[in-house]
Amino acid sequence: MIFEVVHPGWLLLTPLFLLMWWLQRTRWMAGTTTLVVPSTLLWHRAVPQQSRGVPIRTLLLALALLFTAAGPRLLMPDPTVIGARRTLDQAIVIDVRIESQSRG
Amino acid sequence: MSAASSLDHSRLIERLAGRLRWRDAVNGVSSGQGRGSRSAASGEFDNHARWCPGDDLHRLDLRVWLRLRQRWTRSYRDDSSEPLTIIIDGGASMGFGDKPQAVSWTCELFLAVARARRDPHRLWILDGGNARVALPGDRAAVATRGDLRSALQRVEPTGSGPGRVVIISDRIVFDDLDDQLQGLNRWRKPIWISPWLPEEVSPTPSGQVRLEAKQEPPWIGTIDRSSCQRYRERFDRYQRALHSWLTRRGGSHLPLDASQQGEALLRPLLHRSGPLEVVSG
């Protein structure tokens, strides 16, 4: 059984996506203005507060989507079938099994 | 505030109070009713006071003027015999911005009116879940905000009966009004004064913010048009609920713009829905 991904480039781009997300998040936090007000109770009631923690669920979902986009698949190699596989440099390698030569 | 301006405001309040009386009686007859009027006032003669520009000419004592060529007014007192209980809510928000000044002036005016009418009066401060009689120089902002229900139950009416009650509080979030304000059921016609700042009533969009308030958890989010709209809707809903609760008990709710000063601050108290009125004449 062979596991492979059809578009491994998506997986290689994952650190880049994470970096972009982190930069955007840091910029948002840095751009927040602090205001002193008499009371915050009504704000808590009226408008839901934006979460300050790391959104683990959202991150996991995004990574799962990336992984799915990369096209994972499992191959069951059949010796009687001519198979094609793609290497990491995007070249397609075709294995050709010739019956007469394999016997000889 | 400087000592001179403080003195000016005290004089202004004293002069205002001499011309004001409670709009409604809590128990039966209101002040001055049933008595003959004389020199545009009612009640018994109390004292002479210097006539000042701006005073009503009706109040000028003509006899003194003809005899001594001096302008004096005669003041009369209306004894309404209705004790006044003023309850000031504690909490850090009561000490924010111009609120302490607004609370102080409002409170001074009510006390001055009570003094002018010879009404017994007492001032309470709610501190945490407790209530204590205010001492001179006591500030509501130093007190902590606590459970309103238990604090109101600890306020004791004056010995001569419950009389009139005035609550000065900027609270707006109430989960269960019947439960939290049940301590007010001892008084008839409770008067609730809310000294609010404009930014509390109607906030403006200010982008991504972290809102901080003493003794309260911070709020982080984006204040845009829609969030301002939601805030105002919730504010109006709480305000209507408070107003409705007080109205059902014959009382009234009066919001004050705490950013105002002097007469502009106190003028709503004299409106039709306000607890005070100008003595006619």
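Here we summarise the structure given alongside this text. If you're wondering where the values come from, they're calculated on a predicted model, not measured in any experiment.

Looking now at the nonpolar core. Residue and element names in this part refer to chain B. With 36 residues, the main nonpolar core has Ile 86, Ile 88, Phe 110, Val 166, Ile 193 and Leu 269 as its most contacted residues. Ranked by the residues each element gives to this core, the list is headed by helix α3 (residues 99–116), at ten residues. With near-sequence residues (within four places) excluded, Leu 269 lies in contact with Thr 106, Leu 109, Phe 110, Ile 193, Leu 254, Leu 256, Gly 274, Pro 275 and Leu 276. Trp 124, Leu 148, Phe 174 and Leu 177 belong to the second-largest nonpolar core, a separate cluster that totals 19 residues.

The next point concerns the sheet that holds strand β2 (residues 33–36) of chain A. Read across the open sheet, the three strands follow the order β2(A)-β11(B)-β12(B); overall the sheet is mixed. Lying at the two open borders of the sheet, with one neighbouring strand each, are β2 of chain A together with β12 (216–223) of chain B. Direction aside, the axes of adjacent strands within the sheet are offset by 25° on average. In this sheet, β12(B) lies alongside strand β11 (residues 207–213) of chain B in antiparallel orientation, the contact comprising six bridges. Residue B:Arg210 lies in a different strand from β12(B), and its bridge partner there is B:Ile220.

A full pass over the atoms with the stated rule returns seven aromatic pairs over all chains. On the basis of an interplanar angle of 35° and a centroid distance of 5.2 Å, the ring pair of A:Trp43 and B:Trp219 is categorised as tilted. Highlighted residues: A:Trp43 in helix α2 (residues 41–46) and B:Trp219 in strand β12, drawn from two different chains. B:Trp219 matches A:Trp43 in its accessibility class, with the two residues each being buried. When the ring of B:Trp22 is compared with that of B:Phe110, the centres are 5.6 Å apart and the planes differ by 5°; the resulting orientation is stacked. Taken as a pair, B:Trp22 in strand β1 (residues 20–22) and B:Phe110 in helix α3 lie far apart in primary sequence, 88 residues in all. On the accessibility criterion, B:Trp22 (3% relative accessible area) is buried. A relative accessible area of 0% places B:Phe110 in the buried class. Here B:Arg69 stacks its cationic end above the ring of B:Trp65, 5.3 Å away from the centre of that ring. Directly above the aromatic system of B:Trp245 lies the positively charged group of B:Arg249, at a separation of 3.8 Å from the ring centroid.

Residues and elements named next belong to chain B. Taking strand neighbours across the sheet as the criterion, the six strands line up as β8-β7-β6-β9-β10-β13 in an open arrangement whose pairing is mixed. Since the sheet does not close on itself, it has two edges, and those belong to β8 (130–133) and β13 (252–257), each with one partner. Geometrically, the sheet is characterised by an average inter-axis angle of 20° between neighbouring strands, direction not taken into account. Bridging between strand β9 (residues 164–168) and strand β10 (residues 191–196) involves three bridges; their strand directions are parallel. Note that in β10 the partner of Val 166 across the bridge is Ile 191. Docked against the sheet, α3 engages β6 (84–89), β7 (121–127), β9, β10 and β13, running at close to 175° with respect to β6. Each of β10 and β13 touches helix α7 (residues 225–248); the most contacted strand, β13, lies at about 135° to it.

The rules behind these values
Residues numbered from 1 in each chain as written. Chains lettered and ligands numbered in written order. Predicted model: local features only at pLDDT ≥ 70, side-chain atom pairs only at ≥ 80, totals over all residues. Heavy atoms only, no water. Core = buried A, V, L, I, M, F, W, Y, C linked by side-chain atoms within 4.5 Å. Buried < 20%, exposed > 50% of the residue type's maximum accessible area, 1.4 Å probe, protein only. Helix = DSSP H or I, 4+ residues; strand = E, 2+ residues; numbered from the N terminus. Contact = heavy atoms within 4.5 Å. Pairing = 2+ DSSP bridges. Axes fitted to C-alpha atoms, helices over the stretch in contact; angles between N-to-C directions. Phe/Tyr/Trp six-rings, centres within 6.5 Å; stacked < 30°, edge-to-face > 60°. Lys NZ or Arg CZ within 6 Å of the ring centre and 35° of its normal.

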